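Descriptive analysis of the structure
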Amino acid sequence: MSNIPDGLRYSAEHEWVDTQASNGTRIGITTVATDALGDIVYVDLPEAGASVTAGEVCGEIESTKSVSDLFAPVTGTVAAVNDAVVDDPALVNSDPYGEGWLFTVEVSEEGPLMSAAEYAEKNGA
Amino acid sequence: MNSTDTGVSRHTALYGEHEKLGAFFTDFGGWQMPLKYQSELAEHKAVREAAGLFDLSHMGEVRVTGPQAAEFLDYALVGKLSAVTVGRAKYSLLCTEDGGIIDDLITYRRAEDSYLVVPNASNAPAVVAALTERAAQFDVEVADQSVDTSLIAVQGPESEAILLWLVDASQHQDVTELKYYAATDVLLNTSVGPIDVLLARTGYTGEDGFELYLPNAQAAALWTVLLDAGKEVGLTPAGLAARDSLRLEAGMPLYGNELSLQTSPYAAGLGPVVALAKKEGDFVGRAALEAKKEQGADRKLVGLTGQGRRAARSHYPVTVDGATIGEVTSGAPSPTLGYPIAMAYVDVAYAEPGTTVDVDLRGKPQPFDVVKPPFYKRG
């Protein structure tokens, strides 16, 4: 059911990390996360310029059912925030690896990240 | 939502249908039930605008029959069930001797000497046990038919039209004239043959709708026939996630959230359900409930609407100037209204509609307004 694109790397907390993106490393959440959360209705993201630390909470994602912490998969400074998902959080459900990206980071240090195969195996996806 | 993980959860007769539809399952009251099929928001919207199809077979069905059935239920429940006319239904409570709520339930009068009691899934065993024990001194039979009975709900503005496509023409008027909280036996003509159901105009969504009781053997066939019949008007299978957000918008309590053994019916706004004045005889919990009514409640169940975008959730503290004055029992972003709604018990001093309180959203207080539920009323 879940799809885990090959070109990305993944954190244990279900964020994906795309180091090939422009304007820093792009971060979002996986379909494993969106399937578990249900319909997302609110995202609370770090602001551009804020420092984030790998493995620490940097925001919140709220669905109809529950609230989940958003963890930073990398350490660095937030470069850009996806205003489109703040306005329309449903984008995270409909296109989690595309238009539903969350923010980009100028990375100073990566946290532990997995390949698509490792992440898929760990989550039975 | 009140879910428990017992490790051995049961399947309804419709489990295979849910699997075919790709449902996401959750354990609820000891049953594996569909949480959602695709999007719980889309399912919620379908019920408000067209119709939704729900499997409620986890609910209990207890048949009470015998010459003293009415007298017995007047004693066993807090309502005056003897005053219910044949064909109608009543919302009531089963309380302990101490006035604690064992369950909230709907009771249908099927004949002078026959009732159908419908408890919540997780409370069904406790309800059956209490009714059986209380029946000892009456000439009645209490029969638990839960495992043999399926319950399918069609809820939403298109539900009557969908039913009429299947109900035998000779009974159309029975359906169109069926009142809210009334039930009747109908024959459905389907592509897989005739199906007899008990059709009730009841629900838990705030919309017009029906609940259909039938034996397990025909449940899967009826489910498929209904889905097929309703397709063109937008009937969508809907799971427990949508059921919960729909009932919350309609301001209806959920046992385990708003109601428990510790809840006073008077705090929950269910005082009118307790027939202290209407019933002359004794009933289980009477003395304790009289005392509770006399004493008044310290806290009251209220509705809350959020001024911001973030939702309050069950068990979040309600505060004023940093001091806790209550607790949220249910909360969610309202799909229909577009803002957060919640139910909470708050100190009576803060229970007036129009009062502003804070809900502690994981360390951040956010303002909410006290309102009188329901949050949503159909037009």
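Bear in mind that the values here come from a model prediction, so they are computed numbers and not experimental data.

This paragraph deals with the overall build of chain B. On a plain count of helices and strands, chain B comes out with nine helices and 19 strands. Over its C-alpha trace chain B gives a radius of gyration of 21 Å, about what one expects of a compact globule, namely 21 Å for 379 residues. Considered along the principal axes of its C-alpha atoms, chain B spans approximately 65 × 50 × 40 Å. Residue burial in chain B is summarised as follows: out of 379 residues, 58% are buried. Taking contacts inside chain B between residues at least 6 apart in sequence as the whole, the part at least 24 apart equals 65%. Element-wise, carbon and sulfur atoms account for 50% of the exposed surface of chain B, whose accessible area totals about 15,400 Å². In chain B, 32 positive and 49 negative side-chain charges are present, and the distance between their average locations comes to 5 Å.

Residues and elements named next belong to chain B. Scanning all chains against the criterion turns up 19 salt bridges over all chains. A salt bridge links Glu-49 to Lys-45; its shortest N-O distance comes to 3.7 Å. With a gap of four residues between them, Glu-49 and Lys-45 both fall in helix α2 (residues 40–49), about one helical turn apart. You can call Lys-45 partly exposed: its relative accessible area is 48%. For the salt bridge of Arg-286 with Glu-290, the shortest nitrogen-to-oxygen distance reads 3.1 Å. Placement of both Arg-286 and Glu-290 in helix α9 (residues 286–295) is noted, with a separation of four residues, approximately one turn of the helix.

A few words now on the domain arrangement of chain B. Taken domain by domain, chain B comprises domain 1 (15–56 + 148–249), domain 2 (62–144) and domain 3 (298–371). One C-alpha centre belongs to domain 2 of chain B, the other to domain 3 of chain B, and the line joining them spans 34 Å.

Should pLDDT be low for a region, the predicted coordinates there are not to be read in detail. Mean pLDDT over chain B stands at 96; residues scoring 70 or higher make up 98%. Counting interchain partners and residues more than four positions distant, the pLDDT-below-50 stretch residues 1–6 of chain B has 16 contacts.

Time to look at the packing of aromatic side chains. Residues and elements named next belong to chain B. Taken as a whole, this structure holds seven aromatic pairs over all chains when the rule is applied. With centroids separated by 5.0 Å and ring planes inclined at 70°, the aromatic side chains of Tyr-180 and Tyr-181 adopt a geometry described as edge-to-face. Residue classification places Tyr-180 among the partly exposed positions, given a relative accessible area of 45%. A residue is classified by how much of its surface remains accessible, and Tyr-181, at 16% relative accessible area, is buried.

Before going further, it helps to examine the sheet that holds strand β5 (residues 89–95) of chain B. All names here are of chain B. Reading across the sheet, the five strands line up as β5-β6-β7-β4-β8 and stay open at both edges, with antiparallel pairing between neighbours. The open sheet terminates on both sides in strands that have one partner only, identified here as β5 and β8 (141–144). Along the sheet, successive strands turn relative to each other by an average axial angle of 30°, direction set aside. Of the strand pairs in this sheet, strand β6 (residues 101–111) and strand β7 (residues 114–118) are connected by five bridges, and their pairing is antiparallel. Residue Ala-111 lies in a different strand from β7, and its bridge partner there is Ser-114.

What follows covers the nonpolar core. All names here are of chain B. Counting residues in each nonpolar core, the largest one holds 31 residues, and the members touching the most others are Leu-188, Val-197, Leu-199, Leu-212, Leu-222 and Leu-226. At the level of elements, β3 (51–55), β9 (149–155), α5 (159–166), β10 (183–190), β11 (193–200), β12 (209–215) and α7 (219–230) are the ones that each hand at least two residues to this core. Take this core: its biggest share by element is seven residues, from α7. Each residue touching Val-197, except ones within four places of it in the same chain, is listed here: Thr-184, Asp-185, Val-186, Leu-188, Leu-212, Tyr-213, Leu-214 and Leu-222.

Residues and elements named next belong to chain B. Looking at the secondary structure, you find Asp-139 in the loop between α4 (124–134) and β8. Given a relative accessible area of 47%, Asp-139 falls into the partly exposed group. With 43 residues separating them along the chain, Asp-139 and Thr-96 place their C-alpha atoms 22 Å apart. In this structure, Asp-139 is in contact with Gly-66, Pro-67 and Gln-68, ignoring residues within four places of it in sequence.

Right, let's get into helix α3 (residues 69–76) of chain B. With seven of eight residues buried, α3(B) lies mostly within the body of the structure. Tucked inside the fold, the buried residues of α3(B) contact β4 (62–65), β5, β6, β7, α4 and β8 of chain B.

Further remarks concern the environment of Asp360(B). Residues and elements named next belong to chain B. With respect to the helices and strands, Asp-360 occurs in strand β18 (residues 356–361). A relative accessible area of 25% means that Asp-360 is categorised as partly exposed. Expressed as a C-alpha distance, the spacing of Asp-360 and Val-328, which sit 32 residues apart in the sequence, is 9.7 Å. The contact partners of Asp-360, leaving out residues within four places of it in the chain, are Tyr-316, Pro-317 and Pro-365.

What counts, and where the lines are drawn
- Residues numbered from 1 in each chain as written.
- Chains lettered and ligands numbered in written order.
- Predicted model: local features only at pLDDT ≥ 70, side-chain atom pairs only at ≥ 80, totals over all residues.
- Heavy atoms only, no water.
- Helix = DSSP H or I, 4+ residues; strand = E, 2+ residues; numbered from the N terminus.
- Rg over C-alpha atoms; globule rule 2.2 N^0.38 Å.
- Buried < 20%, exposed > 50% of the residue type's maximum accessible area, 1.4 Å probe, protein only.
- Contact = heavy atoms within 4.5 Å.
- Areas by Shrake-Rupley, 256 points an atom, 1.4 Å probe, with all protein chains shown as cover.
- Lys, Arg positive; Asp, Glu negative; His and termini not counted.
- Charge placed at Lys NZ, Arg CZ, Asp CG, Glu CD.
- Salt bridge = Lys/Arg side-chain N within 4 Å of Asp/Glu carboxyl O.
- Domains from an automatic or database assignment.
- pLDDT = per-residue confidence, 0-100.
- Phe/Tyr/Trp six-rings, centres within 6.5 Å; stacked < 30°, edge-to-face > 60°.
- Pairing = 2+ DSSP bridges.
- Axes fitted to C-alpha atoms, helices over the stretch in contact; angles between N-to-C directions.
- Core = buried A, V, L, I, M, F, W, Y, C linked by side-chain atoms within 4.5 Å.

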